[in-house]
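The primary structure of each chain is shown beneath.
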Amino acid sequence: MAEEHDAVENDAITLSNVTKTVLTADGPKSLLKDVTLHFEQGGIYGVIGLGGAGKSTLLKLIDGRLTPTSGTVTVLGENLAKLDKPALARFRTQISRAGVFPAFDEERTVLESVAIAAGEAEDADRPDEAARAKALRLLREVSLRSQKDAHPSQLSGGELQRAAVARAFASSPKILLFDEVTAAQDHIEGREILRLIQQFARESGATVVLATHEIATVKEICDHIIVLDRGLVVEEGSTFSVLADPQTDQTRVFMEAVSSLGKVDALLAGHDPVVDLRPGQKLIRLRYVHEDVSEPLVSLITRKFGIDVNIMLADVQIVGKYPIGGIVGVFEGPERNIRDAVAFLRSKKVRVEVLAEN
Ligand SMILES: Nc1ncnc2c1ncn2[C@@H]1O[C@H](COP(=O)(O)OP(=O)(O)O)[C@@H](O)[C@H]1O
Ligand SMILES: [Mg+2]
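Residues numbered from 1 in each chain as written. Chains lettered and ligands numbered in written order. Predicted model: local features only at pLDDT ≥ 70, side-chain atom pairs only at ≥ 80, totals over all residues. Heavy atoms only, no water.

Asker: Please set out the sheet that holds strand 4 (residues 70-75) residue by residue, giving values where relevant.
Answerer: Read from one edge of the open sheet, 4 strands run 2-1-4-5, paired in antiparallel fashion. This sheet does not close on itself; its edge strands, each paired only once, are strand 2 (27-40) and strand 5 (78-79). (Pairing = 2+ DSSP bridges. Helix = DSSP H or I, 4+ residues; strand = E, 2+ residues; numbered from the N terminus.)

Asker: Tell me about the site of ligand 1, and please be specific about residues and values.
Answerer: Surveying the vicinity of ligand 1 reveals the residues V22, T24, K29, L31, L50, G51, G52, A53, G54, K55, S56 and T57. At 2.8 Å, a side-chain N or O of K55 approaches an oxygen atom of ligand 1. Within the side chain of S56, an N or O atom sits 2.8 Å from an oxygen atom of ligand 1. Alone, ligand 1 offers 570 Å² of accessible surface; in the complex the protein occludes 59% of this. For the shell around ligand 1, the secondary structure elements donating two or more residues are strand 1 (11-24), strand 2 and helix 1 (55-62). At 3 residues, helix 1 tops the list of elements feeding residues into the shell around ligand 1. (Near = heavy atom within 4 Å. Polar contact = N/O pair within 3.5 Å; in protein donor to acceptor, adjacent residues only side chain to side chain. Areas by Shrake-Rupley, 256 points an atom, 1.4 Å probe, with all protein chains shown as cover.)

Asker: Give me the pairing of strand 11 (residues 281-288): which residues, what numbers.
Answerer: Most of strand 11 sits inside the fold, with 7 of its 8 residues counted as buried. Relative to strand 13 (residues 322-332), strand 11 runs antiparallel, the two being bridged by 8 bridges. Note that in strand 13 the partner of Y288 across the bridge is G325. Where strand 11 lies against strand 14 (residues 350-357), 7 bridges are found, and the strand directions are antiparallel. (Buried < 20%, exposed > 50% of the residue type's maximum accessible area, 1.4 Å probe, protein only.)

Asker: Quick one: what's the story with the packing of helix 11 (residues 297-305) against helix 12 (residues 335-347), residue by residue and with numbers?
Answerer: Two elements in contact, helix 11 and helix 12, have axes separated by 10 Å at closest approach and are oriented at 140 degrees. Our classification of the angle between helix 11 and helix 12 gives oblique. Of the two elements, helix 11 crosses helix 12, and the hand of that crossing is right-handed. Here L297, L300, I301, K304 and F305 of helix 11 lie close against helix 12, whose contacting residues are N337, D340, A341, F344 and L345. Its residues placed into classes, the contact of helix 11 with helix 12 shows 7 nonpolar, 1 polar and 2 charged. (Axes fitted to C-alpha atoms, helices over the stretch in contact; angles between N-to-C directions. Parallel < 35°, antiparallel > 145°, perpendicular 65-115°, else oblique. Left-handed = near helix turned anticlockwise from the far one by under 90°. Contact = heavy atoms within 4.5 Å. Nonpolar A, V, L, I, M, F, W, Y, C, P; charged D, E, K, R; others polar.)

Asker: Now, about the environment of S156: what can you tell me, with residues and values included?
Answerer: Of note, S156 is situated in the loop between helix 4 (129-141) and helix 5 (157-170). For the pair formed by S156 and Q185, sequence separation is 29 residues and the distance between their alpha carbons is 9.8 Å.

Asker: So what's going on with the pattern of salt bridges? Which residues, and what values?
Answerer: Counted under the stated rule, the structure contains 17 salt bridges. Among the ionic pairs, D63 bridges to R97, the shortest N-O distance being 2.5 Å. Taken together, the residues D63 in the loop between helix 1 and strand 4 and R97 in strand 6 (residues 95-98) connect sequence positions 34 residues apart. Overall, the relative accessible area of 0% leaves D63 in the buried class. Judged by relative accessible area, which is 33%, R97 ranks as partly exposed. Between E357 and K282 there is a salt bridge; the shortest N-O distance is 2.6 Å. One end of the pair, E357, is in strand 14; the other, K282, is in strand 11, and 75 residues separate them in sequence. (Salt bridge = Lys/Arg side-chain N within 4 Å of Asp/Glu carboxyl O.)

Asker: Can you explain the sheet that holds strand 12 (residues 308-319)? Please cite residues and give values.
Answerer: An order of 12-13-11-14 is seen for the 4 strands of this open sheet, with the pairing classed as antiparallel. Of all strands in the sheet, those bounded by a partner on one side alone are strand 12 and strand 14. Pairs of neighbouring strands in the sheet enclose a mean axial angle of 15 degrees, with direction left out of account. Across the sheet, helix 11 lies against strand 11, strand 12, strand 13 and strand 14, angled at about 150 degrees from strand 12, the strand it touches most.

Asker: Account for helix 5, with residues named and values stated.
Answerer: Along its 14 residues, helix 5 runs 20 Å from first to last C-alpha, staying within 8% of the 20 Å computed at 1.5 Å per residue. In terms of burial, helix 5 is a largely internal element, 12 of the 14 residues being buried. Inspection of helix 5 places G158, E159, L160, Q161, R162, A163, A164, V165, A166, A168, F169 and A170 among the buried residues, and these make up the whole buried set. Here the buried face of helix 5 lies against strand 6, helix 3 (110-118), helix 4, strand 7 (175-179) and helix 6 (187-204). Backbone geometry just downstream of helix 5 places S172 in the positive-phi region, at approximately 50 degrees. (Expected span 1.5 Å × (residues − 1).)

Asker: Outline unusual backbone geometry, listing residues and values.
Answerer: Positive phi is not limited to glycine here, since L76 has a value of about 50 degrees. Structurally, the position occupied by L76 is in the loop between strand 4 and strand 5. Even without being glycine, S143 reaches a positive phi, approximately 60 degrees. Positionally, S143 belongs in the loop between helix 4 and helix 5.

Asker: Which residues make up the confidence of the model for the protein chain, and what values go with them?
Answerer: For residues with low pLDDT, the predicted coordinates do not support detailed interpretation. In this model, the protein chain carries a mean pLDDT of 90, and residues with pLDDT of at least 70 account for 96%. Helix 1 holds the highest mean pLDDT among the elements of the protein chain, 98, whereas helix 9 (residues 249-258) holds the lowest, 80. (pLDDT = per-residue confidence, 0-100.)

Asker: If you had to explain the pairing of strand 10 (residues 232-238) to someone new, which residues and values would you point to?
Answerer: Sheet analysis places strand 9 (residues 224-229) next to strand 10, joined by 6 bridges and oriented antiparallel. Directly across from V227, in strand 10, lies its bridge partner E235. Following strand 9, the chain reverses through 2 residues before pairing antiparallel with strand 10; R230 in that reversal takes a positive phi of roughly 45 degrees.

Asker: Which residues make up the packing of helix 5 against helix 6, and what values do they have?
Answerer: The interhelical angle for the contact between helix 5 and helix 6, taken along N-to-C directions, is 10 degrees, at an axis separation of 10 Å. With respect to each other, helix 5 and helix 6 are oriented roughly parallel. Where helix 5 abuts helix 6, its residues G158, Q161, R162, V165 and F169 lie against E189, E192, I193, L196, I197, F200, A201 and S204. Here the contact of helix 5 with helix 6 is built from residues that sort into 7 nonpolar, 3 polar and 3 charged.

Written as structure tokens, this is what we have:
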């Protein structure tokens with residue numbers, strides 16, 4: 001399948017069998033192991049993993065700050081290993097990046113910093129009128145117009161991060177790399193920052209790669225997810241498919257953090273009275289793992305099969321346009337009717353687990 005690993009025309013970024021190994025006091029350590037990934041132009045990609053998984057390393061390989069030990073990194077049609085220093089510098093003007101604590105020049109106003117990014121490289125320090133106008137427009141979009149003449153230390157962390165998003169898009173980059181940009185923000189600020197990234201990305205057609213340890217972040221705006229675990233890509237795909245039906249423990253751990261459906265396992269293990277069943281009752285977990293579950297299935301089965309469903313836990317979130325998650329409920333009624341209801345749910349592509357019965 002060698003050709004599958006080659007750069008594809010539609011790709012903004014291709015990593016083919018990339019390994020990055022560094023020497024540490026304990027010997028060689030592989031930060032990334034045989035990573036093959038395709039990032040299509042215009043996609044918003046979330047790279048998720050725990051601390052040390054290799055997320056930042058991946059971003060640094062994409063913009064040429066690191067070189068792979070083996071394998072190939074192809075970005076915007078260029079094999080980065082083949083670029084000399086000036087070519088690499090030119091190449092990097094097409095990429096923007098922002099990190100957890102954005103660095104701004106304290107001597108300049110926010111407007112000046114964003115205008116410099118918006119300006120042509122040659123007159124970097126003296127942005128022209130067009131660059132200033134663009135910067136002003138971007139600052140208005142990130143709700144910082146009234147603070148345009150503020151210096152960085154006069155802005156809150158969230159405001160500075162919004163300024164960083166404006167600056168990142170100011171140069172009209174083809175690729176943007178965001179490393180934990182919401183990690184230092186509160187929930188509301190974080191969502192606003194993500195919304196802005198999504199809006200600017202859609203308007204400009206840029207490719208975004210967002211590294212984070214928070215599943216909520218990727219769920220919010222990413223259309224693709226890459227799950228990294230200790231240097232390995234353990235799962236990847238559309239955000240819906242990865243989150244609705246995780247195939248690895250690593251992804252499940254991330255999902256458990258934001259879903260209440262797993263709580264029932266602890267209740268069962270602890271013989272909690274809540275999960276004590278009367279004769280004829282079954283404790284059943286339903287999970288929505290396909291994109292086409294839209295009918296009100298619970299009310300449907302109670303009517304259609306003449307059973308009762310007492311919902312104990314429910315956790316349904318909309319990802320993209322579709323519900324993921326599910327419910328845990330006590331099903332009660334004639335054995336046969338429950339069996340038919342379960343078969344019906346399965347035919348509707350709902351995953352059904354009978355957790356306990358009496
Ligand atoms: N230059 C280096 N030398 C040795 N170890 C490194 C180096 N850079 C990163 N690491 C280690 O590699 C692992 C992956 O790092 P990183 O890509 O920053 O992970 P993440 O961003 O997912 O937290 C971490 O354990 C980190 O300590
Ligand atoms: Mg990191």
